[in-house]
Each structure stands twice: as C-alpha cells, then as structure tokens.
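Now for the letters of each chain:
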Amino acid sequence: MRGTIWILAAGALGIALLATKPSQADVVDLVRDEIRGALLAMSPEEFDDPTAEAIAAACTVFSGPCASLISLAFPITYEDRYVFAEVTLAEGTSDEVSCWAALNQIFCQGL
C-alpha cells in the first residue's frame, strides 16, 4: 500500500513539474526580471567611476529598458529536459552561469 502511495506522489510531482516548466520565452523574461531586481537593489554611490555611477543611476530609474539591454549581452541557451529546463547564460565565457528552470521559476547560482 505504501509503495502505491509513493508511486502516485512521484507521478503527481512529475505532472506538476511538467505543467509548470517555463518555456524559452518565459526563461528570457525571468532572466530580465532577475537583472531588473539586481539593478533596483544597486546603489549608484557604489561606483568610483563617474561614468559608471551615471549609468547605474539611469538604470535604477529605467530598470526595465536597462535590464532588456543587459540581457542581450548574455546569450541564453535553453535545453528542454522534459520536466525542467537546463539554462546557461553567457555560455563559453568567463561569466557563464548555469541555471535550472522549473515551477515557473529560474534557479541560478551566481546570478
């Protein structure tokens, strides 16, 4: 009886993961949202360079367009793994970040 419950629970989890796996377009939007959040959290005073400070100030005011522009610099590789997606940002560069997309979210280390 317990074995049947575990099989049903695993099946339900698999269906939930499959139903909530973000598409490639969703992943691009999630990455932009992460970048936008980082832009809003940064303080222009953190920078010693006046040009970087001005850009940071502009990006805190206009976080949406800035996030879209910055996301263009990070090519996104999307690999469908049935119940989740493996996502790589800036593949092949020193800034490469590996992520997993599932449950309508993106999980990255170092982003």
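That block above? That's the structure.
About the cut-offs
Residues numbered from 1 in each chain as written. Predicted model: local features only at pLDDT ≥ 70, side-chain atom pairs only at ≥ 80, totals over all residues. Heavy atoms only, no water. Pairing = 2+ DSSP bridges. Helix = DSSP H or I, 4+ residues; strand = E, 2+ residues; numbered from the N terminus. Axes fitted to C-alpha atoms, helices over the stretch in contact; angles between N-to-C directions. Disulfide = S-S within 2.5 Å. Buried < 20%, exposed > 50% of the residue type's maximum accessible area, 1.4 Å probe, protein only. Salt bridge = Lys/Arg side-chain N within 4 Å of Asp/Glu carboxyl O. Core = buried A, V, L, I, M, F, W, Y, C linked by side-chain atoms within 4.5 Å. Contact = heavy atoms within 4.5 Å.

Undergrad: How would you sum up the sheet that holds strand β4 (residues 105-108)? Please name residues and give values.
TA: Each strand in a sheet pairs with another by means of backbone hydrogen bonds, the pair being arranged parallel or else antiparallel. If you walk across this open sheet you meet the four strands as β1-β2-β3-β4, and the pairing is antiparallel. Edge strands, defined here as strands with exactly one partner in the open sheet, are β1 (76-80) and β4. Between one strand axis and the next, the sheet turns by 25° as a mean value, whatever way the strands run.

Undergrad: Describe the state of the cysteines, and please don't skip the residues or the numbers.
TA: Counted by the stated rule, this structure contains two disulfides. Each sulfur of the disulfide joining C59 and C66 lies 1.8 Å from the other. When the S-S torsion is -50°, as for the bridge of C59 with C66, the disulfide is left-handed. Like C66, C59 is buried. Disulfides within the protein link the bonded cysteines, taken in sequence order, as 1-2, 3-4.

Undergrad: Any details on the pattern of salt bridges? Residues and values, ideally.
TA: Throughout the structure, instances matching the rule amount to three salt bridges. The shortest N-O distance in the salt bridge between R81 and E79 comes to 2.7 Å. The partly exposed category is assigned to R81, whose relative accessible area is 35%. A salt bridge links E86 to R81, with the shortest nitrogen-to-oxygen separation between them at 3.2 Å. In the salt-bridge network here, residues are joined through shared partners; they are E79, R81 and E86.

Undergrad: So what's going on with the nonpolar core? Residues and values would help.
TA: Membership of the largest hydrophobic core comes to 18 residues, with the highest contact counts inside it found for V27, V31, L39, V87, L89, C99 and I106. Broken down by secondary-structure element, the contributors of at least two residues to this core are α2 (24-41), α3 (50-61), α4 (63-72), β2 (85-89) and β3 (97-102). Ranked by residue count, the leading element in this core is α2, at five residues. If we skip the residues at most four places from it in the chain, V31 touches I76, L89 and I106.

Undergrad: Could you give me a rundown of unusual backbone geometry, with the residues and numbers involved?
TA: Of note, the phi angle at Y82 is positive, near 70°, even though the residue is not glycine. Relative to the assigned elements, Y82 resides in the loop between β1 and β2. One non-glycine residue with positive phi stands out, namely N104, at about 55°. Positionally, N104 belongs in the loop between β3 and β4.

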